[in-house]
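# Breakdown of the fold
Below, each chain spelled out in residue letters.
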Amino acid sequence: LWLPLPLRWLLDSLWVFAFFPVNSDFQNMDILNLLIEGDIWTKNTRNAIICKNASCFWPMSSNGVVYIPFTLDRSYSPLDKITITGAMTDFYSKACIQFIPWTNQKDYVSIEPQNGCWSSVGKVGGKQVVSLQRDTCLFNGVIQHELNHVLGFLHEQSRSDRDQHVRIDWQYISPGIHVYIFTFYIPYDFSRIGLSSIDIQRINLLYQCNPCSTSMIEKSGNFSSAKYPSQYPANSRCYFTIQLPADRVLLQFNSFSVQKSLGCTTDYVRVYDGSSRSSPVIMNNTCGSGPVIPIISSTSAMLVEFVTSAKGKGTGFTASYASGECKFFLGCY
């Protein structure tokens, strides 16, 4: 398998070690006492997790999507299931990760309401359990946090450069516990509950997701479709996520040229009133060329989806966004 040298070096360097003491009482310890850093599960028959050459990462399909099959325990209520699957949608709207219902795949994730919130790290092979206890774990951020472990990520405080950002009080750490992970040279993330913009960067880098997707957290900014003003890439699905600290999102397309089709079903731009594809649509499939009416969200988040086909022709778009009220634009959706 050929990979660009920097990524090959990253994967070859991504060894994850998690050491814990093994003694005669270990086999009888409660499940919560077998967890590393509070929510990471490792089999008690091993004293180290080793991931090399991408063997513990979920494979990418030929269409550029990483599919992760999952099952939900029957004891979850309909509302519980909606909460869990809703948290999963962000991974597909912001990266190339899609959680799909298990049919008969060999490797899959079994989500169960066991004791506490915990997960294995990466793909361990066969059935692997993610515990989401009903009364304590069914929150969007907690669910996404555990699913990040499924993808192969440990906690920020385990980074090799963590001492530059946080202080560890070693007197509260049990003797014999040591963890090391590679940093990807991505900024330290202080918001590790949920799916942050830095999480998206890591996922897209590790799994080589479509580089046309991006997340924006500044109060205002500009962005454009890939290769603008040249012909946009064919057969792509790009996501642009805007997440403001407060206020509503105001979006203005400054230029727009997308292959026109009946009903805009082949090449189109769609805008969601929120950060995921499960959010309400505020601008349905739009194609063609010319001015587009400015758009305002009802919350502090907005998602722009750009889909292209094999035969689509056009330069794509440029857009700007800011926080504020609709009165600053000449009419809004």
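Residues numbered from 1 in each chain as written. Predicted model: local features only at pLDDT ≥ 70, side-chain atom pairs only at ≥ 80, totals over all residues. Heavy atoms only, no water.

## Things to note about the overall build of the protein
Our working rule: Secondary structure elements follow DSSP: runs of H or I of four or more residues count as helices, runs of E of two or more count as strands, with numbering from the N terminus. Partly exposed residues are those whose accessible area sits between 20% and 50% of the maximum for their type, while under 20% is buried and over 50% is exposed, using a 1.4 Å probe and protein chains only. Between two residues, a contact is recorded if the distance between any of their heavy atoms is within 4.5 Å.
Assigned secondary structure in the protein consists of four helices and 19 strands. With 333 residues in all, the protein has 49% of them scored as buried. When contacts within the protein are restricted to residue pairs at least 6 apart in sequence, long-range pairs at least 24 apart make up 73% of them.

## Observations regarding the packing of aromatic side chains
For any pair of aromatic rings, geometry is given as the distance between the ring centres together with the angle between the planes. As a reminder of what qualifies: Pairs were defined over the aromatic rings of Phe, Tyr and Trp, the Trp ring being its six-membered one, requiring ring centres within 6.5 Å. Orientation was assigned from the angle between planes: stacked under 30 degrees, edge-to-face over 60, tilted for the rest.
Taken as a whole and assessed by the stated rule, the structure comprises eleven aromatic pairs. Between the aromatic rings of F253 and F317, the centroid separation amounts to 5.4 Å while the plane-to-plane angle is 85 degrees, which identifies the pairing as edge-to-face. Taken together, the residues span a long stretch of sequence, with F253 in strand β13 (residues 249-258) and F317 in strand β19 (residues 316-323) at a distance of 64 residues. Taken together, the ring pairs in this structure connect F223, Y232, F240, F253, F256, F306, F317 and Y321 into an aromatic cluster.

## Some thoughts on the pattern of salt bridges
Close approach of charged atoms allows side chains of opposite charge to pair. Selection rule: Here a salt bridge means any side-chain nitrogen of Lys or Arg lying within 4 Å of a carboxyl oxygen belonging to Asp or Glu.
Under the criterion given, the structure shown has six salt bridges. In this structure, the salt-bridge partner of E305 is R270, at a minimum N-O distance of 3.7 Å. Of this pair, E305 sits in strand β18 (residues 301-307) while R270 is found in strand β14 (residues 268-272), placing the two residues 35 residues apart along the sequence. Each member of the pair E305 and R270 is classed as buried. Accessibility expressed as a relative area gives 0% for E305, which makes it buried. The structure contains a network of salt bridges with shared partners spanning R237, R270, R277 and E305.

## Overview of the nonpolar core
The test is simple: To qualify as a nonpolar core, a set must consist of buried Ala, Val, Leu, Ile, Met, Phe, Trp, Tyr and Cys residues joined through side-chain atoms within 4.5 Å.
Ranked by size, the top nonpolar core spans 33 residues in total, and within it I97, I111, L132, I203 and Y207 carry the most contacts. Sorting the residues of this core by element identifies β4 (66-72), α2 (78-94), β5 (97-101), β6 (108-112), β8 (127-132), α3 (140-151) and α4 (197-206) as the ones contributing at least two each. When residues no more than four places from it in sequence are discounted, the contact partners of I111 are F70, T71, L72, D73, Y76, I84, M88, V130 and L132. Listed in part, the 28 residues of the second largest apolar core include F253, C264, C287 and F317.

## A look at the state of the cysteines
To keep it simple, the criterion reads: For the purposes of this analysis, a disulfide is any pair of cysteine sulfur atoms at a distance within 2.5 Å.
Within this structure, the stated rule accounts for two disulfides. Covalent S-S linkage joins C117 and C137, the inter-sulfur distance amounting to 1.9 Å. Sign of the S-S torsion, about -90 degrees for the bond between C117 and C137, identifies this disulfide as left-handed. Of the two residues, C117 sits in strand β7 (residues 117-119) while C137 sits in the loop between β8 and α3, which places them 20 residues apart along the sequence. The pair C117 / C137 is uniform in exposure class, with both members buried. Each sulfur in the disulfide pair C264 and C287 lies 2.0 Å from the other. Looking along the S-S bond of the C264-C287 disulfide, the torsion reads about -70 degrees, which is the left-handed sense.

## Focus: the sheet that holds strand β12 (residues 237-243)
Selection rule: Strands are treated as partners if at least two bridges between them are detected by DSSP. Axes here mean lines fitted to C-alpha atoms, for a helix over just the part in contact, with angles spanning 0 to 180 degrees between N-to-C directions.
In spatial order, the strands read β10-β12-β18-β14-β15; together these five strands make up an open sheet with mixed pairing. Of all the strands in the sheet, the pair left with one neighbour each is β10 (214-216) and β15 (281-286). Strand-to-strand twist of the sheet, defined as the mean angle between neighbouring strand axes without regard to direction, takes the value 10 degrees. Pairing of β10 with β12, which is carried by three bridges, proceeds in the parallel orientation. Among the inter-strand pairings, T214 is bridged to a residue of β12, identified as F240. Lying on the sheet, α2 is in contact with β12 and β18; it crosses β12 at an angle near 115 degrees.

## Topic: the confidence of the model for the protein
Detailed reading of predicted coordinates is not advised where the pLDDT is low. Defined as follows: Each residue gets a pLDDT score, which is the predictor's confidence in that residue and runs from 0 to 100.
Averaged over all residues, the pLDDT of the protein equals 75, while 68% of them reach at least 70. Throughout residues 1-42 the model reports pLDDT below 50, and contacts reaching past four residues in sequence, or to other chains, amount to 102 contacts. pLDDT under 50 marks residues 177-192. Its contacts with residues more than four places away, or in other chains, come to 66 contacts.

## Re the environment of L151
Among the secondary structure elements, L151 is positioned in helix α3. Placed 52 residues apart in sequence, L151 and I203 show a C-alpha to C-alpha distance of 7.9 Å. In contact with L151, other than residues within four places in its own chain, are F57, W58, I68, F91, I97, G122, I203, L206 and Y207.

## So, the pairing of β12
Along β12, five of the seven residues are buried, which leaves the element largely enclosed by surrounding structure. Strand direction decides the pairing type here: β12 and β18, joined by seven bridges, are antiparallel. The partner of T241 across the bridge, within β18, is L303.

## Digging into the environment of S320
Looking at where S320 falls in the secondary structure, it is placed in strand β19. In the structure, S320 is positioned 68 residues away from Q252 in sequence and 5.4 Å away in space, judged by C-alpha atoms. With near-sequence residues (within four places) excluded, S320 lies in contact with G221, N222, L250, L251, Q252 and N254.

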